Amino acid sequence: MTKSTANVVEVSHDDRGVARVSLNRPAVNNAYNAELVSALAETFAELAMNEDLRVVLISGNGPNFQAGADLKWLREIGKMAPDENIATSLRTASLVRDLDAFPIPTIALIHGACIGGGTGIACACDIVLASEDAFFSISEARWGAIASIIFPQLNAAIGVRNVRRFALTCERFDAHKAKDIGLVHEVVPCGALEAKAALIVDNILQNGPMAMKASKHWAKHAGESLNDELFKQLVKVHAETRQTQEALEGFTSFIEKRDASWYRNE
């Protein structure tokens, strides 16, 4: 099933619970504007309510993944009243924050340009694959702007030291450098993104759906300072999850040498 959201986002689902979200402004390298931000926010809000979904792929139509903000649009926003200007930044920041907190696994497939806000989308995803033609830049300061609304995701992915370098220089760096600093998990030959993504999706589909959601949630929170309260919560969820029906099915399927009931590969 495929649908279009305001023509700037394409969404498809398959029977395995795999969704594809494709940015669809190829004529402007999928640069985001108010329409694209709104469509993406609506799309991910709907997907988050779909209990049958197991994983979401995010890609860009055309020669580039996402080239940051539409600068013509930003120029017009800069002329708005202060409250309207702030509201626009809030909508964009909320989109990236909500993607970061999205309950099921997300995989970004990067080809071509991944600039500015595109790097924010990538850092908010759980898994990032890039083809060898991909290139990256935190470019906002080049145009007299600032990438502050994606700094939390950038800092978590590549560290403050790297953010301070690349947000200050606005230099471009290739997929291999992106992998070195933690922005990208794996670099693949041009044309091989889909095949690699299919292998990763299949691994995800073999895992317990609720265990995946819990793992994503607690992996993020466990990055905080390990005080006594967090330690107790981690122990508690570890023990409680082991007694769920999902875990019972998982243990039993292993013992019986069969696929778990939740696994669908076609």
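In this report, the structure presented in the accompanying data block is examined.

Conventions we followed
Residues numbered from 1 in each chain as written. Predicted model: local features only at pLDDT ≥ 70, side-chain atom pairs only at ≥ 80, totals over all residues. Heavy atoms only, no water. Pairing = 2+ DSSP bridges. Helix = DSSP H or I, 4+ residues; strand = E, 2+ residues; numbered from the N terminus. Contact = heavy atoms within 4.5 Å. Axes fitted to C-alpha atoms, helices over the stretch in contact; angles between N-to-C directions. Buried < 20%, exposed > 50% of the residue type's maximum accessible area, 1.4 Å probe, protein only. Right-handed = clockwise from strand over helix to strand, strands pointing away. Phe/Tyr/Trp six-rings, centres within 6.5 Å; stacked < 30°, edge-to-face > 60°. Salt bridge = Lys/Arg side-chain N within 4 Å of Asp/Glu carboxyl O.

## Concerning the sheet that holds strand E9 (residues 173-174)
Taken in spatial order, the three strands line up as E6-E8-E9 in an open sheet, and their pairing is mixed. Strands at the two margins of the open sheet, each flanked by one partner only, are strand E6 (113-115) and E9. Most of the contacts of helix H4 (residues 117-124) go to E6, to which it runs at about 90°, and overall it touches E6 and strand E8 (135-137).

## Points about the pairing of strand E3 (residues 18-23)
The buried fraction of E3 amounts to six of the six residues, a majority that puts the element mostly inside the structure. Relative to E3, strand E2 (residues 9-13) runs antiparallel, the two sharing five bridges. Paired with Glu10 across the two strands is Ser22, which belongs to E3. Here E2 folds back onto E3 in antiparallel fashion, the turn holding four residues, of which Gly17 has a positive phi close to 95°. Here E3 runs beside strand E4 (residues 55-60); their pairing, made up of six bridges, is parallel. In the strand pairing of E4, Ser22 is matched with Ser59. In this region the chain leaves E3, passes through helix H1 (residues 34-48) and returns to the parallel neighbour E4; the handedness of that crossover is right-handed.

## Observations regarding the packing of aromatic side chains
Enumeration over the complete set of coordinates arrives at four aromatic pairs. Between the aromatic rings of Tyr32 and Trp73, the centroid separation amounts to 5.8 Å while the plane-to-plane angle is 75°, which identifies the pairing as edge-to-face. With Tyr32 in the loop between E3 and H1 and Trp73 in helix H2 (residues 71-77), this pair connects stretches of sequence that are 41 residues apart. Each member of the pair Tyr32 and Trp73 is classed as buried. Here Phe136 and Phe173 contribute two aromatic rings whose centre-to-centre distance is 5.8 Å and whose plane-to-plane angle is 20°, an arrangement assigned as stacked. With Phe136 in strand E8 and Phe173 in strand E9, this residue pair connects regions lying 37 residues apart in the sequence. Summarising the burial analysis for this pair, Phe136 and Phe173 share the class buried. Ring-pair connections join several aromatic residues into one group, and the members of that group are Phe136, Phe166 and Phe173.

## Looking at the pattern of salt bridges
Under the criterion given, the structure shown has twelve salt bridges. Notably, a salt bridge pairs Glu194 with Arg20, separated by 2.5 Å at the nearest N-O pair. Taken together, the positions of Glu194 in helix H8 (residues 193-205) and Arg20 in strand E3 put the pair 174 residues apart, joining distant regions of the chain. Between Asp126 and Lys216 there is a salt bridge, with the nearest N and O atoms lying 2.8 Å from each other. Note that Asp126 is positioned in the loop between H4 and strand E7 (127-131) and Lys216 in helix H9 (residues 209-221), a separation of 90 residues in sequence. For Lys216, a relative accessible area of 15% puts it in the buried group. Three or more residues are tied together by salt bridges with common partners; here these are Arg75, Glu76 and Lys79.

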